Amino acid sequence: MPRESIDLLITGAAEVATARGSTALAGDELGTVGVLEGAAVAIRGETLLEIGPEAELVERYEASEVLDAEGGTVLPGFVDAHTHPVFDGTREEEFVLRLQGARYAEIAAAGGGILSTVRGVRSASREQLLVLLLERLDRFLELGTTTVEAKSGYGLTTEDELKCLEVLAEAARLHPVEVVPTFLGAHDVPEEHRGAPERYVDMVVQEMLPRVAEAGLARYCDVFTEQHTFGLEATRRIARAAQELGLGVRLHADQLTPLGGARLAAELGAATADHLEHVDEAGMEAMREAGVQPVLCPLVPLFLREPQEAPGRALVSRGLAPALATDFNPGSCYLQSLPEVASWAALRYGFTPAEALTAVTLNAAASLDLGARLGTLEPGKQADVVVTDLPNAQHLAYELARSPVRAVVKRGRVVHARGPRPNWR
Ligand code: NIG
Ligand code: FE
């Protein structure tokens, strides 16, 4: 029988490990990951065609390209559900201040923090921001991330927020990493509005949001809901306005103080409530009832040296469906690696490697309303695949620091392959 032609066949895998389905896995189901030993993956065009025993697939298909996993584990492309990647300039001096005992909120109150990155972004050209962003997307790809949610939020004027979102749109056109843009004009109250913060909220609602929505530059709207930035009332007003314009809502909720952001996310029917270091019982219950997904960023309290961590395990036992994210940004977490996040979710929350895998793939995709197309390795889904050198999927969380990624496939195309070893031998 003539063999059917396909574009790409992934062979040589120790195992293919993936969650299944198109909706987020919650509670006890979170760690339901299927492991197929010795399976191959057949891809046609942008789509995953079949996963099955290698010998059968090799016999059935004639592939234009074969990608050898060399005994590694094959996983779905990682999805980072919370990042702030559009910025110019880093903030290592604040890192050092925190090592000496300063708190994040104190540094912000003294004019550092988000506002110091705002100064950098306002004075940066589009070209500069684009070059920096493309480099960061390269790094995401090398680490196995094939889709990122990416926020604006360091412009804080209408023109500078539009500039950041346009740079994101341009990067998305040029780069294989898929970008889901979020408008975060309510990240902080900029210097020039500190005397009358309500006027800044007016500007976000009346000027920024309509322009962003009209230009189709964002799919979500986020608010940094904290007493020192935007309280519950301001957050509610901004989020409702965003929803009326057709945007989904994600909130930075209960990150530094227990303000009630999780409950507000539930009231709003937000897609996600993120961080949640200070969420209480009522907040968790409200989220569960309203189907709000937690997006947990386990490296952030460590990086900020804040004592309180999110109750990762409690959220799962109460039946929620968490995604895990880096929160990549220059202030509170200068990290792009989801494998590292998986390890820390295991070590700090007690997530099993399988639970962490679901949280950086299917659950993260579902939090962006992309679960039907992304997040698992199943026939009919988009072929976003990470070929690792890991002997099994548990090593994803077990091994620290090193990138396990050997090759990355995005939309059916091999878009990254690790370079050769150092040549000393
Ligand atoms: O997610 N909390 C607000 N936003 C970021 C921090 C941004 C910054 O410090 O530049 C966060 O932690
Ligand atoms: Fe954040």
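The notes below deal with the structure included here. Treat the numbers as computed from the prediction; the structure is a model and nothing was measured. (Residues numbered from 1 in each chain as written. Chains lettered and ligands numbered in written order. Predicted model: local features only at pLDDT ≥ 70, side-chain atom pairs only at ≥ 80, totals over all residues. Heavy atoms only, no water.)

### Here we look at the coordination of the iron ion (ligand 2)
Right, on to step 1. Every protein donor of the iron ion (ligand 2) is accounted for by His82 (NE2), His84 (NE2), His252 (NE2) and Asp327 (OD), and the metal-donor separations fall at 2.1 to 2.3 Å.
Right, on to step 2. For the iron ion (ligand 2), the single-chain donor residues occur in sequence as H-x1-H-x167-H-x74-D. Taken together, the residues span a long stretch of sequence, with histidine 82 in the loop between strand S8 (78-80) and helix H2 (92-99) and aspartate 327 in the loop between strand S15 (323-324) and helix H13 (338-349) at a distance of 245 residues.
Right, on to step 3. Using a relative accessible area of 1% as the deciding quantity, one classes aspartate 327 as buried. (Donors = N, O, S within 2.8 Å, 3.2 Å for Na, K, Ca; no water. Helix = DSSP H or I, 4+ residues; strand = E, 2+ residues; numbered from the N terminus. Buried < 20%, exposed > 50% of the residue type's maximum accessible area, 1.4 Å probe, protein only.)

### A word on the site of ligand 1
Right, on to step 1. Surrounding ligand 1, one finds 15 residues, the nearest of these being Arg91, Tyr104, Tyr154, His187 and Ser332.
Right, on to step 2. A distance of 3.0 Å is found between an oxygen atom of ligand 1 and a side-chain nitrogen or oxygen belonging to histidine 252.
Right, on to step 3. Histidine 275 is positioned with one of its side-chain polar atoms (N or O) 3.0 Å from an oxygen atom of ligand 1.
Right, on to step 4. Protein coverage of the free-state accessible area of ligand 1, which is 330 Å², stands at 100%.
Right, on to step 5. A majority-of-atoms criterion places ligand 1 in the largest cavity.
Right, on to step 6. Looking at the shell around ligand 1 residue by residue, the classes come out as 4 nonpolar, 9 polar and 2 charged. (Near = heavy atom within 4 Å. Polar contact = N/O pair within 3.5 Å; in protein donor to acceptor, adjacent residues only side chain to side chain. Areas by Shrake-Rupley, 256 points an atom, 1.4 Å probe, with all protein chains shown as cover. 1 Å grid on protein atoms, 1.4 Å probe; cavity = no way out; pocket = protein on both sides within 12 Å on 5 of 7 lines; lining within 4 Å. Sits in = over half its atoms within 2 Å of the grid points. Nonpolar A, V, L, I, M, F, W, Y, C, P; charged D, E, K, R; others polar.)

### Examining helix H7 (residues 197-214)
Right, on to step 1. Compared with the 26 Å implied by 1.5 Å per residue over 18 residues, the 25 Å span of H7 between its first and last C-alpha is a close match.
Right, on to step 2. Taking the largest bend as the criterion, H7 deviates by roughly 35 degrees, centred on methionine 208, and proline proline 210 comes between one and four positions later.
Right, on to step 3. Within H7, the full set of buried residues consists of Tyr200, Val201, Met203, Val204, Val205, Met208, Leu209 and Val212.
Right, on to step 4. Those residues of H7 that are buried lie in contact with helix H6 (158-174), strand S10 (178-186), strand S11 (220-224) and helix H8 (232-244).
Right, on to step 5. Glycine 216 lies just past H7 and shows a positive phi near 65 degrees. (Expected span 1.5 Å × (residues − 1). Bend = angle between axes of the 7 residues up to and from the residue. Contact = heavy atoms within 4.5 Å.)

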